[in-house]
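Given next are the chains, with one letter for each unit.
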Amino acid sequence: MVSQGACIICLSPALQKCSGCQNVHYCSKEHQKQDWKQHKFQCTPARVKEDEKLGRYLEATRDIKAGDILLKEKPLITGPTQVTPPVCLGCYKLLEEGKTVTCELCGWPFCSQDCTARKEHEPECHYTEKRGEKVNITTFGAPHPNYQCITVLRCLYQRDHDEKLWAKLQALQSHCDDRRDTDKWNNDKKMVAEFIWNFFKLEGVFSEEEIMKCCGILQINGHEVPLLEPEYVALFDRISMVEHNCRANCNKSFTSNGDIILVAGVNIPSGSHISVCYTDPMWGTEARRHHLADSKFFECSCERCSDVTELGTMYSAIKCKKKNCKGYLLPETFILPILHKTKNPNPENRNLDNKFWKCETCKDSVSDAIIQQLLQDIGRELSIMPKEDPEACERFIGHCGSYLHPSHFYMTDVSMALAQMIGQEVEQGLAMVTDDRLLLKTQLCRKITDLLEILAPAETRLRGTLLFEMHAAIAETGRRQSLIDGPMTLLGYVSESRRILSEAARLLRHEPPELPEGRLSRQAKINLLQMDDLIKSLSAALPSPL
Ligand SMILES: C[S@@+](CC[C@H](N)C(=O)[O-])C[C@H]1O[C@@H](n2cnc3c(N)ncnc32)[C@H](O)[C@@H]1O
């Protein structure tokens, strides 16, 4: 049905809508053209909606294709993370002792004179000048308490300096009631609010409520931007409306200049909710749900959390130990109330309230306490495992495989590390790897990418990285096989490797060169050209059909 609205330019009745976002009406092409200069900044194929459970969220206004960019936004506010060694307050590069310049007005250290003049620095410069005494940072390389309040202070500054920006910030979710009296709240009160009052002499200027609300806005909506080490924090406007889903349909990424982009990971039909995963989709359901409850104050009940088999993957399943049984144990549900435990988290009572895990085959049941103990022991084993050691990974998989489902999150975690490690131990790379290990690398990459497609199809960075690894393993297998079967065998392998590489390149195409995935994306483009040349010359050498 065609809906009628009012033309955004002349307010006369209008049937035509912007085809990009379907959000605004126009009475004529002329008025649409006239509005474009303004509208292009808001034209996204998503509209803000609201419901009781989610609050505001975004809904697709048209069919969106996998790989499409839905939104691109500049940050409202940026700043250092709360716990950080001294970083440049202009560009967020880590500062090194003896290599800094200080702002003439306030004394905060920077990486360059240019950075002292950046607009982002105005708030702390303004309040330091007013305080009447310059800042003197003398220790570098370790977390510095003076930085804990900077990003909050930058938000607060907008109250008296940029009314529109302040209104946008204040409209973001802060969960003040849920946060009150948590450990994080008490820490913020001491390290941020009291610091702002005492150090900057701003008691009476900013109330506890205002400061703690800004802390909450940053906690709930802040994005850690991974373009630098350490990361910095950014707040965005529309992207803050995107809801969480453990099997999200979108993925966020950043451009080199710090803008955020929201990319569709799968085809999204018109009318669907737009989602990203706020937590690590490779964690088990209990860990994901607890993390979301602790940090974002909601209990996830998405399709993945609601299904104990995690969409048939058995991602949290434990092997049944009953004699001759080949089944797996799972709890009745993972959807148990946990928010009541977030105020005073006690590791002792963070377990599932499920009393038993049941075997789907023999119907035997095992108490939750035993399962939690097993998971804790395996988690401990994992945490002390030597890093970068493929043998240790293989030992873990061999040993824990008798307790866990082959796709269990711990098994997947180690398999993923192993898949990437094989071929990276020595400079010569995959050429030095044994045939068995090469086969194992291909098998692990294939298994995990298949799993990811089910569990987290929008997790394109991880899938792209594993596909890149897989293309290399297949090309090397082809090279070896062609030494036995002759050069024509190579063509099949190279074609298969190219197909996988082109999928990796597609998945990684929005990643910036500052990230490892962006560098892989660049390498993938180079490899694709080389493969095309190789395929051409191999095809040319094929005997022509009689
Ligand atoms: C970044 S904000 C998203 C926008 C927010 N709904 C609003 O109205 O401002 C994150 C908050 O949205 C809510 N939320 C997001 N995804 C949710 C989900 N899957 N289930 C329940 N609440 C969710 C939670 O309150 C969470 O702390």
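As recorded by an unreviewed UniProt entry, the protein carries the name SET domain-containing protein SmydA-8 and is attributed to Trichoplusia ni.

Moving on: the confidence of the model for the protein. In the predicted model, the protein carries a mean pLDDT of 94, and the fraction of residues at 70 or more is 97%. Both confidence scores are given for the complex: pTM 0.92, ipTM 1.00.

Take the pairing of strand S12 (residues 232–235) next. Because side chains alternate across S12, one face comprises the buried residues Tyr232 and Ala234, and the other comprises Val233 and Leu235, equally buried. Bridge count between strand S8 (residues 77–80) and S12: four bridges; the pairing is antiparallel. Following the sheet pairing, glycine 79 is matched in S12 by valine 233. Of the pairings in the sheet, the one linking strand S11 (residues 223–225) to S12 comprises three bridges and is antiparallel in character. Across the sheet, glutamate 224 pairs through a bridge with valine 233, a residue of S12. Linking S11 back to S12 in an antiparallel pair, the connection comprises six residues.

Turning our attention to the UniProt feature "domain: SET" (unreviewed entry) in the protein. Mapped onto this numbering, the UniProt entry annotates "domain: SET" (unreviewed entry) at residues 41–279. With 28% helix and 19% strand, residues 41–279 has end C-alpha atoms that lie 29 Å from one another.

This brings us to the UniProt feature "domain: MYND-type" (unreviewed entry) in the protein. With numbering matched to this structure, UniProt assigns "domain: MYND-type" (unreviewed entry) to residues 7–43. The span residues 7–43 shows a helical share of 30% and a strand share of 16%, and its end C-alpha atoms are spaced 16 Å apart.

For helix H9 (residues 285–296), which comprises twelve residues, the first-to-last C-alpha distance of 16 Å matches the rise-based estimate of 16 Å (1.5 Å per residue) to within 8%. Of all the residues in H9, the buried ones are Thr285, Glu286, Arg288, Arg289, Leu292 and Ala293. Of the residues one or two after H9, phenylalanine 297 is the one with positive phi, at around 60°.

Glancing now at the sheet that holds strand S18 (residues 328–331). In space, the four strands of this open sheet follow the order S17-S18-S19-S20, with antiparallel pairing throughout. Across the chains shown, the open sheet's two edge strands, defined by having one partner strand only, are strand S17 (318–319) and strand S20 (365–367). Strand direction decides the pairing type here: S17 and S18, joined by two bridges, are antiparallel. When the bridges of S18 are listed, lysine 319 appears paired with tyrosine 328. Together, S17, strand S19 (356–359) and S20 form the strand contacts of helix H11 (residues 368–383), whose direction differs from that of S20 by roughly 70°.

Conventions adopted
Residues numbered from 1 in each chain as written. Predicted model: local features only at pLDDT ≥ 70, side-chain atom pairs only at ≥ 80, totals over all residues. pLDDT = per-residue confidence, 0-100. Buried ≥ 20, exposed ≤ 12 C-beta atoms within 10 Å, placed from the backbone. Helix = DSSP H or I, 4+ residues; strand = E, 2+ residues; numbered from the N terminus. Pairing = 2+ DSSP bridges. UniProt positions renumbered as here; feature names shortened; annotations may be inferred. Expected span 1.5 Å × (residues − 1). Contact = placed C-beta atoms within 7 Å. Axes fitted to C-alpha atoms, helices over the stretch in contact; angles between N-to-C directions.

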